[in-house]
Amino acid sequence: MEIDLKIEVGKIELKNPLFLASGCAGYGLEFEDFFDISIVGGVCLKGLSLEESVGNEPSRIWETPSGMINAIGLQNIGIKNFLKDKAPLLRKINTIFIANFFGHKIEEYVKVAKILEDEECIKALEMNISCPNISEGGIHFGVDPLLVHKVVKEVRKSVTKPLWVKLTPSGNIKETARSAYEAGADALVAINTIPAMAVDVEKMDFRISNKVGGLSGPAIHPIAVKMVYDVVGEVPIPVIGCGGVENAENGIEFLLLGARAFQVGTALFYNPNAPVEIIHGIKDYLKRKKLKSVKEVIGRMKAKNKGKDSCS
Amino acid sequence: MRYLHFEVSSSKRYGDFCEVSLKGNFEPSLPGQFYMLKGEWGSHPLLPRPISILDEEKNEIKFLIKDVGIGSKKLVELKKGEKLSGTGPLGNHFPFERIKKNEEVILIGGGVGVPPLFYLAKTLVGKGVSPIFIEGAKTKSELLLVDAIKGLGLNFEITTEDGSAGKKGVVTLIAEKFRKSANYVFACGPYGMLKSVSEIFSYGKCRCFVSLEERMACGYGICLGCAVKIEEEKGKERFQRVCKEGPVFDSRVVVWK
Ligand SMILES: Cc1cc2nc3c(=O)[nH]c(=O)nc-3n(C[C@H](O)[C@H](O)[C@H](O)COP(=O)(O)OP(=O)(O)OC[C@H]3O[C@@H](n4cnc5c(N)ncnc54)[C@H](O)[C@@H]3O)c2cc1C
Ligand SMILES: Cc1cc2nc3c(=O)[nH]c(=O)nc-3n(C[C@H](O)[C@H](O)[C@H](O)COP(=O)(O)O)c2cc1C
Ligand code: FES
């Protein structure tokens, strides 16, 4: 039996539902020693900003039970260097590239999006809204539904490419998801890292120089699953699950709840072969369940999604 | 670089240390390179640990690992026949290729910085270069690879802080003597030691290289977690990756803390 892994996110057709998550896959060119990058459904590139950003002082990472905290500080080469040095190489690769981007002001988001709009190798834009808004006292765009609406709407007006909004788990995700949808997002990605902190009791100091970082990895997976469930129930546009996926089962959880696709991040650090194993695992699962297409998995549990949350 | 599954072919324990040999179909490495190693213990600890290559022979690769915490403890407890995964060889290497036979080469190591220097010393001896090896430790029982280094037949000097072996004091005490004459210096060990070595040798004709450590998640350049500040041009500082542009850096470009 021929197994079909093809899916669509809006107008974009993908070989399979596996994306490499932003910040965990560089500029898409770093995996050639491990596997052929064209096997994945898509690659979300390292977050880009208008100007190059040097990132935070070390220490930038700290490991926690089944997870890690990072405060890289959105280090990136900037949009101009990306177009000059990386984009020409990406144009030759047969997979879908999604440009993750961010700004510290609404105007910056708009400017980067407009530049990305003209780059042929970029098939969709993924807005990272887990960023402090320096025009409004540093409050994170992503936690305030009004700000989410404002920034997404401005970007939406200026580009025609599919616009995905990557939601932060801070704040009320149903409200921010709805805001992003109403402002014109084509798809939502849930979730970004969870704000976290660790203390070195011997040195009586923070483990990470930035004090606060973002938690990722298997530790956050169940939280991400619940949030994807919430977002799928809230908006009619495609949702992409992200958070702690390290095997096929983790990804399929998102699909069953109605996510159209899923992303793999931190797992790439400790198993660079994870995408190969996960794609293989999804095929095995479909065979075992006697299903022909992964589309039959997507949203299969949606009927069961209904019903009220209760206290635990 | 490859991501591979290995089998432990032998594991020899010396106190806090363990010499682990792995069998597998790995790519040839150079001295100063390392592997990210993780056993089959699931999610805790989650990330692999960076470990320098001690030595390499056909289909066998050796590491010397010190138990300092959760991940290294699991690595030193691995038994013959157990499986683990590793990505490597990673990073740049000690730039030894242009060294000429008559040049003075000093290797300075402390603690877990000694294993990669042993690999370098062995490679140099193979090229007909005879380096001077200076090893420092707190006390005699913490000295590493003493017999193996002696076995290479080179000029070997030891310092211990308590005087229980070799000269009493720290490595720089001996290193000082070569301040004017050294052509090449390669150092690996605790940060403070590297900084002092750099202060002695970062001038004149001497080329001094240090192998730095930083916490790592991926080890192959994508997470940007292992940043170290480097002066790329006069007055222009930038973060580079210890795992990719390093771990070996020219001591003159490192922005010391
Ligand atoms: C390029 C490179 C090569 C290395 N080669 C070797 C080697 O050949 N043999 C060997 O035994 N070790 C080597 N190390 C160090 C080794 O990676 C760390 O000791 C190990 O990661 C500690 O993990 P853990 O889980 O045991 O310690 P944790 O439980 O995470 O920490 C225990 C203690 O060790 C300290 N520590 C943890 N990681 C590091 C680190 N990367 N650098 C300095 N201190 C750290 C912590 O601050 C803490 O105090 C190397 C490190 C690097 C970056
Ligand atoms: C080191 C690191 C860097 C990241 N950089 C970005 C980024 O630039 N933009 C972004 O939207 N998300 C970034 N993320 C978040 C991931 O894309 C992902 O949402 C999160 O890590 C949860 O997924 P995971 O548990 O599979 O890693 C980063 C995560 C990590 C660990
Ligand atoms: S450890 Fe990930 S970039 Fe160096």
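Residues numbered from 1 in each chain as written. Chains lettered and ligands numbered in written order. Predicted model: local features only at pLDDT ≥ 70, side-chain atom pairs only at ≥ 80, totals over all residues. Heavy atoms only, no water.

**Overview of the domain arrangement of chain B**
All names here are of chain B.
Link 1 in the chain: Segmenting chain B into domains produces domain 1 (4-90) and domain 2 (105-250).
Link 2 in the chain: Of the roughly 1,600 Å² buried where domain 1 meets domain 2, counting both sides, 71% is carbon and sulfur surface.
Link 3 in the chain: If you sort the residues of domain 1 by the area they bury against domain 2, P31, L54 and L64 come out on top, with a joint share of 30%.
Link 4 in the chain: Counting across the interface, domain 1 meets domain 2 through 1 salt bridge.
Link 5 in the chain: Between D55 and K122 there is a salt bridge, and its shortest N-O distance comes to 2.9 Å.
Link 6 in the chain: One can count 2 residue pairs in polar contact (both at pLDDT 80 or more) joining domain 1 with domain 2.
Link 7 in the chain: Of the residues that constitute the side of domain 1 that touches domain 2, the class distribution is 12 nonpolar, 4 polar and 4 charged. (Domains from an automatic or database assignment. Buried area = accessible area lost by both parts, 1.4 Å probe. Salt bridge = Lys/Arg side-chain N within 4 Å of Asp/Glu carboxyl O. Polar contact = N/O pair within 3.5 Å; in protein donor to acceptor, adjacent residues only side chain to side chain. Nonpolar A, V, L, I, M, F, W, Y, C, P; charged D, E, K, R; others polar.)

**As for the site of ligand 1**
Residues and elements named next belong to chain B.
Link 1 in the chain: The local shell around ligand 1 holds 18 residues, among which P50, K66, G71, S72 and E213 are the closest.
Link 2 in the chain: One of the backbone nitrogen or oxygen atoms of L64 is found 2.8 Å away from a nitrogen atom of ligand 1.
Link 3 in the chain: Between G69 and ligand 1, the recorded distance is 3.2 Å, taken from a backbone N or O atom to an oxygen atom.
Link 4 in the chain: Relative to its unbound accessible surface of 870 Å², ligand 1 loses 77% to contact with the protein.
Link 5 in the chain: For the shell around ligand 1, the element with the most residues is strand β4 (residues 49-52), which contributes 4 residues. (Near = heavy atom within 4 Å. Areas by Shrake-Rupley, 256 points an atom, 1.4 Å probe, with all protein chains shown as cover. Helix = DSSP H or I, 4+ residues; strand = E, 2+ residues; numbered from the N terminus.)

**Overview of the packing of helix α2 (residues 106-117) of chain A against helix α3 (residues 145-158) of chain A**
Describing two packed helices takes the angle between their axes plus the distance from one axis to the other.
Residues and elements named next belong to chain A.
Link 1 in the chain: At a minimum axis separation of 9 Å, α2 and α3 run at an interaxial angle of 30°. Viewed along their axes, α2 and α3 adopt a mutual orientation that is roughly parallel. For α2 against α3, the interelement crossing comes out right-handed. Where α2 approaches α3, its residues I106, Y109, V110, A113 and K114 are matched on the opposing element by K150, V151, E154, V155 and S158.
Link 2 in the chain: When its residues are assigned to classes, the contact of α2 with α3 shows 6 nonpolar, 1 polar and 3 charged. (Axes fitted to C-alpha atoms, helices over the stretch in contact; angles between N-to-C directions. Parallel < 35°, antiparallel > 145°, perpendicular 65-115°, else oblique. Left-handed = near helix turned anticlockwise from the far one by under 90°. Contact = heavy atoms within 4.5 Å.)

**Some points on the interface of chain B and chain A**
Link 1 in the chain: Each partner contributes residues to the interface: chain B has 26 residues there, and chain A has 35 residues.
Link 2 in the chain: Between chain B and chain A, a total of about 2,600 Å² is buried, with carbon and sulfur atoms accounting for 62% of that surface.
Link 3 in the chain: A per-residue breakdown of the area chain B buries against chain A is headed by L46, I222 and F239 of chain B, which together make up 25% of the total.
Link 4 in the chain: Measuring nitrogen to oxygen at the nearest pair gives 2.7 Å for the salt bridge that ties K229 of chain B to E57 of chain A.
Link 5 in the chain: Inspection of the chain B/chain A interface yields 9 residue pairs in polar contact (both at pLDDT 80 or more).
Link 6 in the chain: Where the side of chain B that touches chain A is concerned, the elements lending two or more residues are β1 (2-14), β14 (227-233) and β15 (236-241) of chain B.
Link 7 in the chain: Within the side of chain B that touches chain A, the residues separate by chemical class into 15 nonpolar, 4 polar and 7 charged.

**Digging into the pattern of salt bridges**
Link 1 in the chain: This structure, assessed with the given rule, holds 25 salt bridges over all chains.
Link 2 in the chain: The salt bridge partner of E234 of chain A is R178 of chain A, with a shortest N-O separation of 2.9 Å. Of this pair, E234 of chain A sits in helix α5 (residues 221-234) while R178 of chain A sits in helix α4 (residues 173-182), placing them 56 residues apart in sequence.
Link 3 in the chain: For E234 of chain A, a relative accessible area of 23% corresponds to the partly exposed category.
Link 4 in the chain: According to the relative accessible area criterion, R178 of chain A is partly exposed, its value standing at 31%.
Link 5 in the chain: Of the charged contacts in the structure, one is a salt bridge between E157 of chain B and K177 of chain B, with a shortest N-O distance of 3.6 Å. Here K177 of chain B lies in the loop between α4 (171-175) and β12 (184-188) and E157 of chain B lies in strand β10 (residues 155-160), a separation of 20 residues in the sequence. (Buried < 20%, exposed > 50% of the residue type's maximum accessible area, 1.4 Å probe, protein only.)

**Quick notes on the pairing of strand β9 (residues 132-137) of chain B**
All names here are of chain B.
Link 1 in the chain: The element β9 is largely enclosed, with a buried count of 6 among its 6 residues.
Link 2 in the chain: Because side chains alternate across β9, one face comprises the buried residues I132, I134 and G136, and the other comprises F133, E135 and A137, equally buried.
Link 3 in the chain: Judged from the 5 bridges that link them, strand β8 (residues 105-110) and β9 form a sheet pairing that is parallel. Paired with I106 across the bridge in β9 is I132. (Pairing = 2+ DSSP bridges.)

**What about the packing of aromatic side chains?**
Residues and elements named next belong to chain A.
Link 1 in the chain: Here the structure, examined in full by the defined rule, presents 15 aromatic pairs over all chains.
Link 2 in the chain: For the ring pair F19 and W164, a centre distance of 5.5 Å and an interplane angle of 90° mean the geometry is edge-to-face. One end of the pair, F19, is in strand β3 (residues 18-20); the other, W164, is in strand β9 (residues 163-167), and 145 residues separate them in sequence.
Link 3 in the chain: You can call W164 buried: its relative accessible area is 1%. (Phe/Tyr/Trp six-rings, centres within 6.5 Å; stacked < 30°, edge-to-face > 60°.)

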